[in-house]
Amino acid sequence: MFETFIVQPIFNLLVLLYALVGDFGIAVIIFAVLIRLLMWPLLKKQLHQGKVMRELQPQIKEIRKKNKGNRQKESQEMMALYKKHGVNPLGSIGLLAVQLPVFFGLFSALRSFISSPERLMELPYSFVRNIESVKEILASVAFKATEAIKTLPDADLKAQLFEKLGNPVSVDALHELSKPELNTLFNTTLTSNADNTVTQLVQGPFFDQHLFWFIDLSGRAISDAGIYLPVLLIAALAGVFQYLQTKQMTPQDKNKKSLKQIMEESAKSGKQPDQAEVSAAVGGKMGLFFAPFIFIISATVPAGLALYFATSGATGYLQTRHVLNEDVEEMEEIADKAEKKKAKRKK
């Protein structure tokens, strides 16, 4: 179900974009922006909810302080506060539940398109298979399968495969194979076991994986072959935009205490630390941790994924900035209306 309703549609959208623009890198960029735009209503709601929750922190802290030791009353007053301001404290969990399957679907679809021969044969819709550029990709898989079969040491197995798939291997014959048969063919039969390491004999790229026709997106920024600087810069951009988004969403509270200060004050007073302060301190640190984490991931995954992360991060940063600017303008309008009402009363 996950593959049918999430992975396969995403995969075919990416393939269609590639067929339309003819540049893999540009297709990934457009794809990332489209996904961000499709998620925009959910993300906008999440950002607004997060903003309101941050604004309510002083009131939440006061409720906790006033009802210390009385969990039931504290919970009642908190729910009343949330209801008054139209906040669903579990709303972000629901949004995350929607976003996570999409993210994993994206990862699977991109990886399948970039480097998985069996998935390239299995996932395209029938009308997508008939697009000329897609036919060329599938023909490349069939050609590499033919060359791989020729290298097999078992003459009987080689003859059986050519009898079943044709010599050269035909795309139609590969389409007729079931999912388990495709998986067995590419991941078991057509593999080598040199030095106790299983290696696929049919490997990508199966099409031109470049950005602007000169940045190669078929490999990784950091690999056994060394460091590929253009993709390393893309990975760095992914980390930078993640940092900027985190900074946007982190409240700039001058009185905010570090986790060390909270623990030291708690030790001196002999009282339990304020959980709201602890959560704020830990949340800030965890947020900053994600920037280097995204950089490391982007530098070690296929470069197409790194480009997706960077583009998605840049688009997310601009979306967040737009929402926050809208909130500032809204607050200014409210303040102007309040000033006008005061002026009318004085008259």
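Preceding this section is the structure that the text describes.
The numbers attached to residues start from 1 for each chain and follow its sequence in the written order. This being a predicted model, a pLDDT of at least 70 is required before a residue's local features are given, and a value of 80 or more before pairs of side-chain atoms are given or counted; all residues contribute to the totals for chains, interfaces and linings. Just so you know, side-chain values use all the structure's heavy atoms and leave hydrogens and water out.

Undergrad: Help me out: how do you make sense of the overall build of the protein in this one?
TA: Secondary structure summary: the protein contains 16 helices and 6 strands in total. Of all 347 residues assigned to the protein, the portion counted as buried reaches 37%. Any two residues whose heavy atoms approach within 4.5 Å are treated as being in contact. Long-range pairs, those at least 24 residues apart, make up 67% of the contacts in the protein between residues at least 6 apart in sequence. Exposure was quantified through the Shrake-Rupley algorithm and a 1.4 Å probe, taking into account, for residues, occlusion by the shown protein chains and nothing else. Accessible surface, the protein: about 20,700 Å² in total, of which carbon and sulfur atoms supply 60%. Runs of H or I in DSSP of at least four residues are treated as helices and runs of E of at least two as strands, each being numbered from the N terminus. When a residue's accessible area, from a 1.4 Å probe over protein chains only, is under 20% of the maximum for its type it is buried; when over 50% it is exposed; and in between it is partly exposed.

Undergrad: Any chance you could explain the packing of aromatic side chains here in plain terms?
TA: Ring pairs (aromatic) are described by centroid distance and by the angle formed between their planes. Within 6.5 Å between ring centres, the rings of Phe, Tyr and Trp (the latter by its six-membered ring) count as paired, and their orientation is classed by plane angle as stacked under 30 degrees, edge-to-face over 60, tilted in between. Here the structure, examined in full by the defined rule, presents 10 aromatic pairs. Taking the centre distance of 5.9 Å and the plane angle of 85 degrees together, the rings of F11 and F113 count as edge-to-face. Highlighted residues: F11 in helix 1 (residues 2–21) and F113 in helix 6 (residues 91–115), separated in sequence by 102 residues. As far as burial versus exposure is concerned, F11 and F113 are alike and both buried. Ring pairing ties together the aromatic residues F11, Y18, F24, F113 and F207, which thus form one cluster.

Undergrad: Help me understand unusual backbone geometry, please; the structure alone is not making it clear to me.
TA: In terms of backbone geometry, most residues other than glycine have negative phi values and most peptide bonds are trans. The linkage connecting N167 with the following residue, P168, adopts the cis geometry, with an omega of 5 degrees. Positionally, P168 belongs in the loop between helix 10 (155–165) and helix 11 (171–175).

Undergrad: What am I meant to see in the nonpolar core here?
TA: Note on soluble globular proteins: their nonpolar side chains tend to be buried together. Ranked by internal contacts, the top residues of the largest apolar core, which has 66 residues, are F113, L174, F186, L190 and Y308. Looking at which element gives the most residues to this core, the answer is helix 9 (residues 132–150), with 8 residues. Once residues within four sequence positions are removed from consideration, L174 is found in contact with M121, A142, L165, V169, L182, L185 and F186. Working definition of a nonpolar core: buried Ala, Val, Leu, Ile, Met, Phe, Trp, Tyr and Cys residues. They are joined through side-chain atoms within 4.5 Å. Listed in part, the 7 residues of the second largest apolar core include L56, I60, M78 and V87.

Undergrad: Can you walk me through helix 10 in this structure?
TA: Three- or four-residue spacings in an α-helix give side chains the same orientation, since the helix completes a turn every 3.6 residues. Of all the residues in helix 10, the buried ones are L161, F162 and L165. Down the axis of helix 10, the smallest arc covering the buried residues is 95 degrees, so these residues share one side. Residues A155, D156, Q160, E163 and K164 are exposed on helix 10 and point more than 90 degrees away from its buried face. Those residues of helix 10 that are buried are in contact with helix 9, helix 11 and helix 12 (179–189). After helix 10 finishes, the residue G166 shows a positive phi value of roughly 95 degrees. By definition, the arc is the one covered by directions from the helix axis to the C-beta atoms.

Undergrad: Just to check I follow, could you spell out a nonpolar patch on the surface for this structure?
TA: Nonpolar side chains collect at one region of the surface, where L20, V21, I30, L34 and L37 lie side by side and expose about 420 Å² of accessible area between them. Taken together, the elements giving at least two residues each to the nonpolar patch come down to helix 1 and helix 2 (24–38). Take the nonpolar patch: its biggest share by element is 3 residues, from helix 2. Its place among the elements puts V21 in helix 1. Any residue with relative accessible area above 30% and no salt bridge may belong to a patch, with like charges joined within 9 Å and the nonpolar Val, Leu, Ile, Met, Phe, Trp and Tyr side chains within 5 Å. The term salt bridge refers to a side-chain nitrogen of Lys or Arg lying within 4 Å of a carboxyl oxygen of Asp or Glu.

Undergrad: What should I look at first to understand the pattern of salt bridges in this one?
TA: Opposite charge on two side chains permits them to pair, given that their charged atoms come into close proximity. According to the stated counting rule, one finds 6 salt bridges in the structure shown. A salt bridge links E3 to K179, with the nearest nitrogen and oxygen atoms 3.5 Å apart. Residue E3 is found in helix 1, and its partner K179 is found in helix 12; the two are separated by 176 residues along the sequence. Among the ionic pairs, K150 bridges to E147, the shortest N-O distance being 3.4 Å.

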